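Next come the chains, spelled out residue by residue.
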Amino acid sequence: MSSQRGNVAKKGAPKHSNTFGFKNNLHDTSKQLKTVNSMKIGGVCSRCKEIIEWKIKYKKYKPLTIPKKCVKCGEKRVKFAYHICCDLCSQNVNVCRKCGEATKVVGKALLPGHEEDEDEEDDEDDESVIQRLEPSVELLPETVKVKSKKVFY
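Sequence positions are assigned chain by chain, starting from 1 and proceeding in written order. Restriction of local features to residues with pLDDT of at least 70 applies here, the model being predicted, together with a cutoff of 80 or more for giving and counting side-chain atom pairs; totals for whole chains, interfaces and linings are based on all residues. Only heavy atoms go into the side-chain values, all of them from the structure, while hydrogens and water stay out.

A closer look at the confidence of the model for the protein
Stated precisely, the cut-off is as follows: Per-residue confidence from the prediction method is given by pLDDT, with values spanning 0 to 100. Only heavy atoms matter for contacts: two residues are in contact if any of them lie within 4.5 Å across the pair.
Of all residues in the protein, 69% attain a pLDDT of 70 or more, and the chain-wide mean is 78. Under a pLDDT of 50 for its full length, residues 117–124 has, in the predicted model, five contacts with residues more than four places off or in other chains. Counted against residues more than four places away or in other chains, residues 144–153, with its pLDDT under 50, gives three contacts.

As for the environment of Cys45
What counts is decided by this rule: Think of it this way: any DSSP run of H or I at least four residues long counts as a helix, any run of E at least two long counts as a strand, and we number them from the N terminus. Three labels apply to residues, based on accessible area from a 1.4 Å probe with only protein chains included: buried if under 20% of the type maximum, exposed if over 50%, partly exposed otherwise in between.
Its place among the elements puts Cys45 in the loop between helix 1 (31–38) and helix 2 (46–57). A relative accessible area of 8% means that Cys45 is categorised as buried.

A short note on the pattern of salt bridges
Let me state the cut-off plainly: The term salt bridge refers to a pairing of a side-chain nitrogen on Lys or Arg with a carboxyl oxygen on Asp or Glu at a separation within 4 Å.
A full pass over the atoms with the stated rule returns three salt bridges. Of the charged contacts, one joins Arg77 and Glu75 as a salt bridge, the two residues approaching to 2.9 Å between their closest N and O atoms. Between Arg97 and Asp87 there is a salt bridge, with the nearest N and O atoms lying 3.2 Å from each other. Taken together, the residues span a long stretch of sequence, with Arg97 in the loop between helix 3 (87–93) and helix 4 (119–123) and Asp87 in helix 3 at a distance of 10 residues. The exposure class of Arg97 is buried, given its relative accessible area of 5%.

Shown next as structure tokens:
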């Protein structure tokens, strides 16, 4: 028995050994897993960043479905799982978004598909934003054009 008194010596190498590491996208190719894998972790301290990276690596990360309440302001602005502070409160008080401690914050959190350069968004004028938001009739297929004419007339 291993709990027997005085029997503490190990005998040899382990019986089985892993030949390759765990891959979190080996059998699951869902859209949610791809977004989690491509997500950039930021706004947290280095320890919290390592914890979230481990959760993503070993498929333990469960993203939020609806925003959580911020512990500082009480509004539903927390959009990332395992975070307790929203972006605004953590920037104003300069704390980690996950643990809430005033330590050195690493990077900026971005979801995949979002631009890293916010300067480009500021430079756009209102007309280009309106053009982007309104659907263009020329881009629609012919079948939709005919249906839309019948509906609006």
